[in-house]
Structures are given as structure tokens and as C-alpha cells.
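A structural walkthrough
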Amino acid sequence: MSRLLYILPVTILFLNLSACGDSIEKNVGTSNSTDNEPNANRITISKAQFDGESMELGHFSLQNFPVEVEVTGTIDVPPQNKAIVSAFIGGYIKRTPLLIGNKVKKGQPLLTLENPEFVQMQQEYQESFEQLSYLKSEFERQKSLVAEQITSQKNFLKAESDYKRNLARYNGFREKLKMLNISPENVEKGILVSEATIFAPIDGSITKVNVSKGMYVSPADDIMEIVNTDHIHLELSVFEKDIMNIKKDQKIRFKISEASTEYYEAEVYLVGTSIDADSRTVKVHGHLHDDENHNFAVGMFVEAAIITSNKSINALPNESIVIQDNNQYVLSLISEGNEGYVFETKAVGVGDSYNGYTAITEMGDLKDSDQVIVKGGFNLLGETGGSDH
């Protein structure tokens, strides 16, 4: 019995020592594995690679970023730069040689109308003109006679009435002929025409043609539209909540979203004083910069940003930001030696991009004094991040 009691403690002690030995062995193995594993966030670059890729180091810097109000609108022209062509009197289209896109000058013939009524109007004008001379002479004769009490007042009043009634008809027909661009002087000489020509009221380009040869048009019909794009502008719609921040001369950046990603510049010229009841927006009129060098068309839809103020934010050049798996990183310098450079990828939060710089909204453990790759680092991780709006 005593021998059995002796064996049991020795066996337990041996088992405990074996277990401790296994535990120490495992801990040592784990420690060695951690020390030998490289940091997955670190990148070593030789000096030759750094120079060969034209890489550059730089620091964070404060940059001015605009505070913007985002709006939409269209390219438009002032009312005096747009004309709807119509006929003063109905007629049939005889000639219409121009097409959409043709440029015209003020006073240039656009089309010709034909109507028998034009001839009748000229006949009536000619008759009125022929009678006018006689009736005027009779009126002046009766005026002299009544002054000498040779004729009655009744004869004088009748002569005066006939003369003035005919004079009114004469002047009325004369103005109608002028509106039809028919020469009254030619009609007075007996030269009658059955056609009336419509001329361009402004310089510009034809943007609409709503008729064809032989078609009848009435005074209510829009025959064509002419637009002069020499003074195009932006017609923007600003929501009610933002309008108090909009002032004259503020800068506008805009792009033609359906045609180009390029941004153009303008400035606020007029701010509307009434709110559209349906959309709760106010119209803002903007003047374009350098518009003559761009092929803008009236009616183009624009996306714009009105710059109301500026704010200073820590930023880096756009090339500093690299993207991997939809996250943004910068490459921060850890050490520099004879063998090259060691960088560590640091996640950052980014904001807007402007004028070649991207705002850094979240820096993590980065400091303003840290050096990062500002050029040539996109090949090390992924594709370049920031884009200059």
C-alpha cells in the first residue's frame, strides 16, 4: 500500500513537467513566427526604382477649397437674341431656301409668300393714292370758299370728311405694304406684285424651320426661329434654401454633362427676386467666360456649382492618393537608408478635389510633418485616386 502511494505522486509530477515543456515549446514557436513575418503594409523601394519612376516626396499643405452650391440649368440667350419669324398676313410658301443651321444677317431674305390678297391690297392703295390728290385740292378749295362765305359750311365739311377718310385709308394701306416689305413707291408707279418677302429681323443662325414649299401659313404660325449665340448665358435654377448665399459676381463652374467632362467658368450676373411656386427655385443668370471659343448650343443642359466662399483644408496632390479595393491610401515614409526607402500604406479619408489637390478629411495616425509619396506612387498599390473637378 505504501509503495502505491509513492508511485502516484511521482507519476503526477512527471505529467506536469511534460505539460509545461509542451507549453513553453509552443510559445517559443509562436514568438519566432511573429518576429519573422514581414509587415504586410510596408513597401521597400530601392533608390534606383524611386528615381526611375520619377517619384517625389512631399508634405500635407493647407489648400483653399471652394464651398459650393450645386445647381442645374441650361445654356440660353437674352430675349433680344432670339426671334420667331411669322407672317403679318397669311399666304402660301413660294420659296424657302434656308435650312436649320444656316447663318443669316439682319435684313437677309428668308422666304417668299404668295397671296392674291397682296395684289388686292396694292390696288386699293393705288386707288387711294390717285384719289388723294383730287380730294386734297377739293378740301382746300372748299376751305377758301367757306372763308369768303361763297359756299356753304355743309359743302366744306363734306370735302373735309372725304379727304381725311381717304387719307386714313391711304396711310393704313401704306403701312400694311411696308409690313409686307412691298414698296409703296413702286405701287404708286403702277408696279404690282403677288409676292411678299420676309427678311431676317436679327443676325443669327436658323434653329427651327416649321414650313415647306406650298404650305399655307397664317399670322399665328411660327415659320422659323433665329437665335444669335454671340451673347449666350447660363440660366440656372437655385433652390430656395440656398438662394440667400448667392451674390452677384460669384464664380460659377459648370460642365455640359451630356457632351463633356471639361469644366468651364462663368460668374453670377443677376439673381432673381421671385420663387417659382412649383419647383421652389429662383432663376440665376450667369455670364460665361471665353464663350466664343466653345461650341455651346442653346438649350444644352448644364450641371453647375456656384462658389459662395472658401475654406482651408489639409490636402495632398491628387497623385498622392492611391486606391485599392475601393479604399484610399497614401504611402508614408518610415525610413530612408543606403538601400532605399521603406514606406507604409496608411488609410485616409478624402473629400473634394480642386485645382490639383484632394482634401484629406481623415488622417488617422498621420501627422502634418510626415512625408508621403506625392508623385509616381500609383504603380505600387493601385490606380490614382483624386480627380481634379
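Conventions and cut-offs
- Residues numbered from 1 in each chain as written.
- Predicted model: local features only at pLDDT ≥ 70, side-chain atom pairs only at ≥ 80, totals over all residues.
- Heavy atoms only, no water.
- Helix = DSSP H or I, 4+ residues; strand = E, 2+ residues; numbered from the N terminus.
- Buried < 20%, exposed > 50% of the residue type's maximum accessible area, 1.4 Å probe, protein only.
- Contact = heavy atoms within 4.5 Å.
- Areas by Shrake-Rupley, 256 points an atom, 1.4 Å probe, with all protein chains shown as cover.
- pLDDT = per-residue confidence, 0-100.
- Pairing = 2+ DSSP bridges.
- 1 Å grid on protein atoms, 1.4 Å probe; cavity = no way out; pocket = protein on both sides within 12 Å on 5 of 7 lines; lining within 4 Å.
- Points joined across faces, edges and corners; volume = space filled by probe spheres on them.
- Nonpolar A, V, L, I, M, F, W, Y, C, P; charged D, E, K, R; others polar.
- Polar contact = N/O pair within 3.5 Å; in protein donor to acceptor, adjacent residues only side chain to side chain.
- Phe/Tyr/Trp six-rings, centres within 6.5 Å; stacked < 30°, edge-to-face > 60°.
- Lys NZ or Arg CZ within 6 Å of the ring centre and 35° of its normal.
- Expected span 1.5 Å × (residues − 1).
- Bend = angle between axes of the 7 residues up to and from the residue.

Assigned secondary structure in the protein consists of six helices and 23 strands. For the protein, buried positions account for 35% of its 389 residues. Look at the contacts in the protein between residues 6 or more apart in sequence, and 73% of them connect residues 24 or more apart. In the structure as shown, the protein presents an accessible area of about 23600 Å², 50% of it carried by carbon and sulfur atoms.

On to the confidence of the model for the protein. In the predicted model, the protein carries a mean pLDDT of 84, and the fraction of residues at 70 or more is 87%. Model confidence for the protein, summarised as mean pLDDT per element, is weakest for helix H1 (residues 2-36) at 39 and strongest for strand E12 (residues 233-239) at 95. Below a pLDDT of 50 lies the segment residues 1-37, which in the model reaches zero contacts outside its immediate sequence neighbourhood of four places, other chains included. For residues 382-389, every residue scores under 50 in pLDDT, and the model assigns this stretch 28 contacts once sequence neighbours within four places are set aside.

In this section: the pairing of strand E15 (residues 281-288). Of all eight residues in E15, six are buried; the element is thus mostly enclosed. Summarising the sheet, E12 and E15 pair through seven bridges and their orientation is antiparallel. From the neighbouring strand, His233 faces E15, where its bridge partner is His287. Here strand E14 (residues 264-271) runs beside E15; their pairing, made up of five bridges, is antiparallel. In the strand pairing of E15, Ala266 is matched with Leu288.

With that out of the way, let us pick up unusual backbone geometry. In this structure, Asn181 is a non-glycine residue whose phi angle is positive, near 60 degrees. Within the element layout of this structure, Asn181 appears in the loop between helix H4 (153-179) and helix H5 (184-188). For Asn181, a relative accessible area of 40% corresponds to the partly exposed category. In the Ramachandran plot, Asp249 falls in the positive-phi region, its phi being about 75 degrees despite a non-glycine side chain. Along the chain, Asp249 turns up in the loop between E12 and strand E13 (251-255).

This brings us to the layout of surface pockets. Considering only enclosed or pocket space, the largest pocket measures out at about 470 Å³ in volume. For the largest pocket, the lining is made up of 20 residues, of which Lys103, Ser205, Val227, Thr229 and Asp230 are closest to its centre. Among the secondary structure elements, those contributing two or more residues to the lining of the largest pocket are strand E6 (103-104) and strand E9 (204-209). With four residues, the top contributor of residues to the lining of the largest pocket is E9. By residue class, the composition of the lining of the largest pocket is seven nonpolar, seven polar and six charged. Every residue lining the second largest pocket is counted, 18 residues in all, and those nearest its centre are Glu68, Glu70, Arg253, Tyr263 and Ala305. The element that contributes the greatest number of residues to the lining of the second largest pocket is strand E3 (residues 61-76), accounting for seven residues.

Time to look at the side chain of Arg253. Tracing the sequence through the fold places Arg253 in strand E13. A relative accessible area of 11% places Arg253 in the buried class. Among the polar contacts made by the side chain of Arg253, one reaches the side chain of Glu68 at a distance of 2.6 Å.

The geometry of an aromatic ring pair is captured by two quantities: the separation of the ring centres and the angle between the planes. The final tally for this structure, using the stated rule, is ten aromatic pairs. Residues Tyr264 and Phe296 carry aromatic rings whose centres are separated by 5.1 Å and whose planes lie at 90 degrees to one another, so their mutual orientation is edge-to-face. Placement of the pair is Tyr264 in strand E14 and Phe296 in the loop between E15 and strand E16 (301-317), with a sequence separation of 32 residues. Summarising the burial analysis for this pair, Tyr264 and Phe296 share the class buried. Grouped by ring-pair contacts, the aromatic residues Phe50, Tyr341 and Phe343 constitute a single cluster. If you follow Arg253 out to its NZ or CZ, it ends over the ring of Tyr263, 4.9 Å from the centre.

Here H4 contains 27 residues, and its C-alpha end-to-end distance of 39 Å stays within 8% of the 39 Å for a straight helix at 1.5 Å per residue. Among the residues making up H4, those that are buried are Phe156, Ala159, Asp162, Tyr163, Asn166, Tyr170, Phe173, Arg174 and Leu177. Looking at the buried positions of H4, the neighbouring elements they touch are helix H3 (116-147) and H5. Downstream of H4 by one or two residues, Asn181 has phi in the positive range, about 60 degrees.

A separate point is the pairing of E14. Relative to E14, E13 runs antiparallel, the two sharing four bridges. Each bridged residue has a counterpart across the sheet, and for Lys251 the counterpart in E14 is Glu267.

Since the α-helix advances by 3.6 residues per turn, residues separated by three or four positions end up pointing in the same direction. The end-to-end C-alpha distance of H3 is 46 Å, a good match for the 46 Å that 32 residues give at a rise of 1.5 Å each. The largest bend along H3 measures about 30 degrees and falls at Leu132. Taken as a whole, H3 has its buried residues at Phe118, Met121, Gln122, Tyr125, Ser128, Leu132, Leu135, Phe139, Gln142, Leu145 and Val146. Of the surrounding elements, those touching the buried residues of H3 are strand E7 (109-114), H4, H5 and strand E8 (195-199). The N-cap residue of H3 is Asn115: its side-chain oxygen and the backbone nitrogen of Glu117 are 3.0 Å apart. Backbone geometry just downstream of H3 places Gln149 in the positive-phi region, at approximately 60 degrees.

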